[in-house]
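This is what each chain is made of:
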Amino acid sequence: MTSRVAAAIDAARAAGRGAFVGYLPLGFPDLQTSIDAAVALAESGADILELGPPYSDPVMDGTVIQEATQAALAGGFRLRDTFTAVREITRRVDVPVLVMTYWNPVLQYGVDRYADDLLAAGGAGLITPDITPEAAPEWIAASERTGLDRVFLAAPTSTDERLELIAQNSTGFVYTVSTMGITGERAQLDAAARTLVARLREHGVEHACVGIGISNAEQVGGVLEYADGAIVGTALVRALRDGGLEGLAETAQSLAAGTARGAN
């Protein structure tokens, strides 16, 4: 089965630019607005959508995203709302949708059931920040059966053995962590990301997208000098929080404009 995520990255490359992956939490500020926000993000230049169902213990998320997800949970978001949102978003825009989820909710829902429902809703796959390939045989089997993408994370501290395992088991792209720590905007990206992407290339990774700490068009362009995609989250969530759908669209358009600078 062809990966829609990989195809979106390849299409961006063919157009002479890198890919823009935009993250938003589902249910913030409410479910319908989060759906409209994802659609606006796609219409404003995102090549791939990364949507995060709120979780009670988001160990990777910085303050801005944590506050948004806590508000979504307080507003009554339920796991099944994930599939409702994905279904409506994919009906309205033709952009691949990845769900960024911690693993416990998937286990509680049932791995095969989750995969089937995500596929039926039009989703493209999962980003799983807190599970490693060797601990994910059930998910690997379910994703191979359904054709959903498996996006695992690689960090600057990952050993070569770990990178080989990630390279062998990831589809769509490898989520390349730019720096150790939680998500959030940083004034200067860690140069370790460039080295990490080079290491992933040595292990045969064709699509590497860099995330954590990217907050403006200049940083997007810098990342795309060596990576295939730039992942932005906190800047978009802040724009939605402070400026609503219009503020989000303006920020997304600004970020998308940076993709041409570093096109490979």
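Residues numbered from 1 in each chain as written. Predicted model: local features only at pLDDT ≥ 70, side-chain atom pairs only at ≥ 80, totals over all residues. Heavy atoms only, no water.

Trainee: I'd like to hear about the overall build of the protein chain, residue by residue, with values.
Mentor: Counting its regular elements, the protein chain contains 11 helices and 9 strands. A compact globule built from 264 residues should have a C-alpha radius of gyration of about 18 Å, and the protein chain, at 17 Å, falls within 12% of that. Projected onto the principal axes, the alpha-carbon positions of the protein chain cover approximately 45 × 40 × 30 Å. A total of 264 residues make up the protein chain; the buried ones form 59% of that total. Residue pairs at least 24 apart in sequence account for 73% of intrachain contacts in the protein chain once pairs closer than 6 positions are excluded. Working note: accessible area of the protein chain is about 10400 Å², and carbon and sulfur atoms make up 48% of it. Averaging the coordinates of the 19 positive side-chain charges in the protein chain and doing the same for the 33 negative ones gives two points 2 Å apart. (Helix = DSSP H or I, 4+ residues; strand = E, 2+ residues; numbered from the N terminus. Rg over C-alpha atoms; globule rule 2.2 N^0.38 Å. Buried < 20%, exposed > 50% of the residue type's maximum accessible area, 1.4 Å probe, protein only. Contact = heavy atoms within 4.5 Å. Areas by Shrake-Rupley, 256 points an atom, 1.4 Å probe, with all protein chains shown as cover. Lys, Arg positive; Asp, Glu negative; His and termini not counted. Charge placed at Lys NZ, Arg CZ, Asp CG, Glu CD.)

Trainee: Help me get a handle on the pairing of strand β7 (residues 174-177), residues and values and all.
Mentor: The two faces of β7 match: Val-174 and Thr-176 on one face and Tyr-175 and Val-177 on the other face are all buried. Examined bridge by bridge, strand β6 (residues 153-154) and β7 share 2 bridges and lie parallel to one another. Its bridge partner being in β7, Ala-154 is matched across the sheet by Thr-176. Following the chain from β6 across helix α8 (residues 160-169) to the adjacent parallel β7, one finds a crossover that is right-handed. Of the pairings in the sheet, the one linking β7 to strand β8 (residues 208-211) comprises 4 bridges and is parallel in character. By the bridge assignment, Tyr-175 is partnered in β8 with Cys-209. (Pairing = 2+ DSSP bridges. Right-handed = clockwise from strand over helix to strand, strands pointing away.)

Trainee: Tell me about the confidence of the model for the protein chain, and please be specific about residues and values.
Mentor: With 91% of its residues at a pLDDT of 70 or more, the protein chain shows a mean pLDDT of 91. Note that pLDDT drops below 50 for residues 180-188; the model gives that stretch 32 contacts with residues more than four away or on any other chain. (pLDDT = per-residue confidence, 0-100.)

Trainee: Tell me about the packing of aromatic side chains, residues and numbers included.
Mentor: Under the criterion given, the structure shown has 5 aromatic pairs. Ring plane angle 25° and centroid distance 5.1 Å describe the contact between Tyr-55 and Tyr-102, whose orientation is recorded as stacked. Taken together, the residues span a long stretch of sequence, with Tyr-55 in the loop between β2 (48-52) and α3 (63-74) and Tyr-102 in the loop between β3 (97-100) and α5 (103-109) at a distance of 47 residues. An angle of 80° between the planes, with centres 5.6 Å apart, marks the rings of Tyr-109 and Tyr-114 as edge-to-face. Residues Tyr-109 and Tyr-114 agree in their burial class; the two are buried. An aromatic cluster is defined as three or more aromatic residues linked by ring pairs; in this entry it consists of Phe-83, Tyr-109 and Tyr-114. Lying across the ring of Tyr-109, Arg-113 places its NZ or CZ 3.8 Å from the centre. (Phe/Tyr/Trp six-rings, centres within 6.5 Å; stacked < 30°, edge-to-face > 60°. Lys NZ or Arg CZ within 6 Å of the ring centre and 35° of its normal.)

Trainee: So, the pattern of salt bridges: which residues are in play, and what are the values?
Mentor: Throughout the structure, instances matching the rule amount to 12 salt bridges. Here Arg-199 and Asp-160 are joined by a salt bridge, their closest N and O atoms 3.0 Å apart. Placement of Arg-199 in helix α9 (residues 192-202) and of Asp-160 in helix α8 is noted, with a sequence separation of 39 residues between them. By relative accessible area, Arg-199 is classed as buried at 18%. When salt bridges with common partners are traced through the structure, they connect Asp-10, Arg-13, Arg-201 and Asp-228 into a single cluster. (Salt bridge = Lys/Arg side-chain N within 4 Å of Asp/Glu carboxyl O.)

Trainee: Go over the packing of α3 against helix α11 (residues 234-257) with me, naming the residues and quoting the values.
Mentor: Viewed as axis vectors pointing N to C, α3 and α11 meet at an angle of 55°, and their least axial separation amounts to 9 Å. Overall, the two elements α3 and α11 adopt an arrangement that is oblique. Handedness of the crossing formed by α3 with α11: left-handed. Within the contact between the two elements, α3 uses Val-64, Ile-65, Glu-67 and Ala-68 and α11 uses Thr-234, Val-237, Arg-238 and Arg-241. Of the residues belonging to the contact of α3 with α11, the class tally is 4 nonpolar, 1 polar and 3 charged. (Axes fitted to C-alpha atoms, helices over the stretch in contact; angles between N-to-C directions. Parallel < 35°, antiparallel > 145°, perpendicular 65-115°, else oblique. Left-handed = near helix turned anticlockwise from the far one by under 90°. Nonpolar A, V, L, I, M, F, W, Y, C, P; charged D, E, K, R; others polar.)

Trainee: Tell me about the sheet that holds β3, and name the residues and values.
Mentor: Strand order in the open sheet formed by 9 strands is β5-β4-β3-β2-β1-β9-β8-β7-β6, and the pairing between neighbours is parallel. The open sheet has two edge strands, β5 (149-151) and β6, and neither has a second partner. Across 4 bridges, the pairing between strand β1 (residues 19-25) and strand β9 (residues 229-232) is parallel. Note that in β9 the partner of Ala-19 across the bridge is Gly-229.

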